[in-house]
Amino acid sequence: MKNSSTTRMMRLVAASAAGVLLAACASMGRPEGGARDVEPPVYVRATPSMNALNVNKGRISIEFNENVQLKDQLTKVVVSPAQVIQPQVMAVGRRVNITLRDTLVPNTTYTIDFSDAIADLNEGNELDGFAYAFSTGPTIDTLQISGMVFEAATLEPAQGMIVGVYSNLSDTAITTLPLERITKTNQLGQFTIRNLKEGTYRIFALNDQNRDYKWDRTEDVAFYDMTITPTAERVTVADTLKNSEGADSIVHHEVTRFYPNDILLTWFNENYKSQYLQKYERPQRTQLNITMGAPAEYLPTITLLNDPEQPRYDISRWSVLNASATLDTLQYWITDKRVQDMDTLLIEARYQKTDTLDQLSWTTDTLKLTLRGNAKKKAEEKKKKDKNDTIPEPTPLMSVSIGGTTQEVNMPLLLKSSSPIVDFNQDGVHMSILEDTLWVDVDPPRFVMIDSLKPMLMAADYKWEPGRRYTVTIDSLAMTDALGLHNKDVKQEFATRALEDYSSVTFTLTDLKEPAVVELLTSQDKPVTRATVVDGKAVFKFLQPGTYYARMFIDRNNNGKYDTGVLLDSVQPEEVYYFPKKIALKKNWDLADQPWNIYEFPVDKQKPTEIKKNKPKRKAGEIPEEQTDEEDEYEYDPSDPFGKRNNRNNRNSNRNSGRLPQVDRNAGNIRGLR
């Protein structure tokens, strides 16, 4: 795999130390009326002992200082090397008993990582990060790798995601071999892979849905751009202790630190789907529908085979296509009366299909389409009725709608029809504007088709006057659809918003040297609108008042949209950064030149808590962190000549100042060091 760019390297050390894993501390419960027990269970002893050598049986018993329970052990407890048969893990009183059902591999270090599955029985205080290790040989491996995993597109911490390594450095090992040593991320997306041998590794994160410990193309995955060589060193650290009188004293002691401890992985999904002909049908005489199994790059080639007058009749000559943007849903409107009258259509479809090698190749099928039962019955009843009736039914009309009751001043006027439009006499369009109490004629808008593959949607650009009322009418017979039907009279009255009803915001991005796009988000973390960064600025005008959030992605290929990664081509997903505050906009309010240094905050501190979905569970007695309004949003300040007040704290810390948790072995417990 290829090395990443300098920008990517900056992200690798960007996550801040949040105190990954808590050390186990003693708590024997509380007497009646005493303080609430908020301490997790403490490890006491194990059989075989912690880090035991030459173990030849897969039965382990671990004892704690109080009665314990297990939470979601089937999903949280992970054994390395990965087990084919899931181990049995049970809590009995103060003990946790484990039975490994796979045959033990000789001369191998085993790790049982409990994550936060162990908790005390009474209060449910969780022991986060506890792990037990032993070796089936005369030595035990002790190296470790730590880091964090986030979703690439949203910076959500990955909870319960498999993280593992290969000593096999082949690019395809992830698709053919099970991960050699594994762990799972905790609630903050943090992980530690323990008991590694000396050597060089590749590291991956995986949402292993089928539990085979290797990657299938439909699964979420993250990879690191470079190989990793774990190391360790002894360092002296200082702890502050209090004596019985409350005085502080400094105690120095040695601990082992393991590196690297700052690996940042961002997971993505390639959105892979096998391509095939999923569905084809003829719901009515005038319509033929084809659905593909995945988005397509090319339209299928379709020819009609059983028309005696037109051998191999190409579909473009007897229909009009209305297609989805991804070309996987195709709706053909049959325009040829002879083809409409045929009860059965025999067509040849040539399209791309995923073959046995997982590659797209062209294939050809012959398809037989007959009218659905109800459609055929209605058609026959209509023929019979037309033959017997002396008075013909009125000609059906196409349905047309224009815009809504409110028109945004910066948006075109939209027109939608119930069937593909093939002809439109623009002289039949009229518009008037309300002046005092009178409607005055003005130049009408001219509608154009937005996309040739979407002939049921048209738009008209127009220079709207803010805060005015308009009426648009379309004369009957001005439009003709693919079936030869016409429209009836259409009339729509609407109002444009006044300029003082809008807000705007401008982001000024510092230290940005690559193409980028900024998205404004709702409180559900969904995009509302986006703007390309031009000369270091992203400008949003004509916004509805409300609360917004913002994120930016590096538009690596300059196509204006977010692109995910491609694992086997070593392509990382485009990098995402969140604006760390919410933005509350009011009417007639411009938030100008809002500075945004994307490296100011570490990755795990960028996304505002309000829109973060994967939040850690609150511990017993823990008070949630709360932000004041002043710290949390931007408020209108009438004394400011620009009508704004920037309440953001002015911090000078660099994005690289954050660091991931370091780990310390202590009877199988991991301490988060600062």
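Before reading on, note that the structure itself is shown above.
Now for a look at the structure at hand.

The rules behind each value
Counting restarts for each chain: residues are numbered from 1 in the order of the written sequence. Note on the predicted model: pLDDT of at least 70 is required for a residue's local features to be given, and 80 or more for side-chain atom pairs to be given and counted; whole-chain, interface and lining totals, by contrast, use all residues. Calculation of side-chain values draws on the structure's entire complement of heavy atoms; hydrogens and water are dropped beforehand. Going along the chain from the N terminus, every DSSP run of H or I of four or more residues is numbered as a helix, and every run of E of two or more is numbered as a strand. Each residue is placed in one exposure class: buried if its accessible area under a 1.4 Å probe, protein chains only, is under 20% of its type's maximum, exposed if it is over 50%, and partly exposed if it falls in between. Here, residues are in contact when the closest pair of their heavy atoms is within 4.5 Å. Note on areas: these come from Shrake-Rupley sampling with a 1.4 Å probe, and a residue is covered only by the protein chains present in the view. Here a salt bridge means any side-chain nitrogen of Lys or Arg lying within 4 Å of a carboxyl oxygen belonging to Asp or Glu. Here is the rule: rings of Phe, Tyr and Trp (six-membered ring for Trp) pair when centre to centre is within 6.5 Å. Planes less than 30 degrees apart are stacked, more than 60 are edge-to-face, and the remainder are tilted. Counted as a polar contact is a pair of N or O atoms within 3.5 Å, where, for protein atoms, one must be capable of donating a hydrogen and the other of accepting one, and residues adjacent in sequence contribute only when both atoms are in side chains. Only strands joined by at least two bridges in the DSSP assignment are considered to pair. Lines fitted to the C-alpha atoms define the axes, with helices restricted to the stretch that makes contact. Angles between their N-to-C directions range from 0 to 180 degrees.

## A closer look at the overall build of the protein
When you go through the protein residue by residue, the secondary structure sums to 6 helices and 48 strands. The 674 residues of the protein split such that 47% are buried. Counted over contacts in the protein with a minimum sequence separation of 6, partners at least 24 positions apart contribute 69%. Carbon and sulfur atoms provide 49% of the accessible area of the protein, an area that totals close to 33900 Å².

## What about the pattern of salt bridges?
One pass over the full model with this rule turns up 27 salt bridges. When the shortest N-O distance is used, the salt bridge between R468 and E435 registers 3.0 Å. On the criterion of sequence distance, the pair formed by R468 in the loop between β35 (457-460) and β36 (469-474) and E435 in strand β32 (residues 429-435) is long-range, its members being 33 residues apart. The residue R551 makes a salt bridge to E519 at a minimum N-O spacing of 2.9 Å. Of the two residues, R551 is situated in strand β43 (residues 546-554) and E519 in strand β40 (residues 516-521); the sequence distance between them amounts to 32 residues. You can call E519 buried: its relative accessible area is 4%. Members of the salt-bridge network, linked through shared partners, are E156, E519, D525, R530, R551, K607 and K613.

## As for the packing of aromatic side chains
Inspection of the entire model under this criterion finds 21 aromatic pairs. Arranged with centres 5.8 Å apart and planes meeting at 15°, the rings of Y470 and F494 form a pair that is stacked. Here the residue Y470 occupies a position in strand β36, and F494 occupies one in strand β38 (residues 490-496), the gap between them amounting to 24 residues. With respect to burial, Y470 and F494 carry one shared label: buried. Joined through ring pairs, the aromatic side chains of Y43, F64, F114 and F130 make up one cluster.

## Here's the deal with the side chain of Q287
Residue position: Q287 is located in strand β21 (residues 287-292). For Q287, a relative accessible area of 8% gives the class buried. Of the polar contacts made by the side chain of Q287, one reaches the side chain of N289; its length is 3.2 Å. Among residues more than four places away in sequence, those in contact with Q287 are E281, R282, Q331, Y332, W333 and I334.

## A look at the pairing of strand β14 (residues 190-196)
Counting buried residues along β14, 7 of its 7 residues qualify, which places the element largely inside the surrounding structure. Here strand β11 (residues 143-151) pairs with β14 via 5 bridges, running antiparallel. For G147, the partnering residue across the bridge sits in β14 and is F191.

## Structural notes on the sheet that holds strand β2 (residues 59-64)
The 4 strands are arranged β1-β2-β6-β5 in an open sheet whose pairing can be described as antiparallel. Here the strands that pair on one side only, and so sit at the sheet edges, are β1 (43-47) and β5 (88-92). The average undirected angle you get between the axes of adjacent strands in this sheet is 15°. Sheet analysis places β1 next to β2, joined by 4 bridges and oriented antiparallel. Directly across from A46, in β2, lies its bridge partner I62.

Interpretation in functional terms is not warranted from these geometric data alone.
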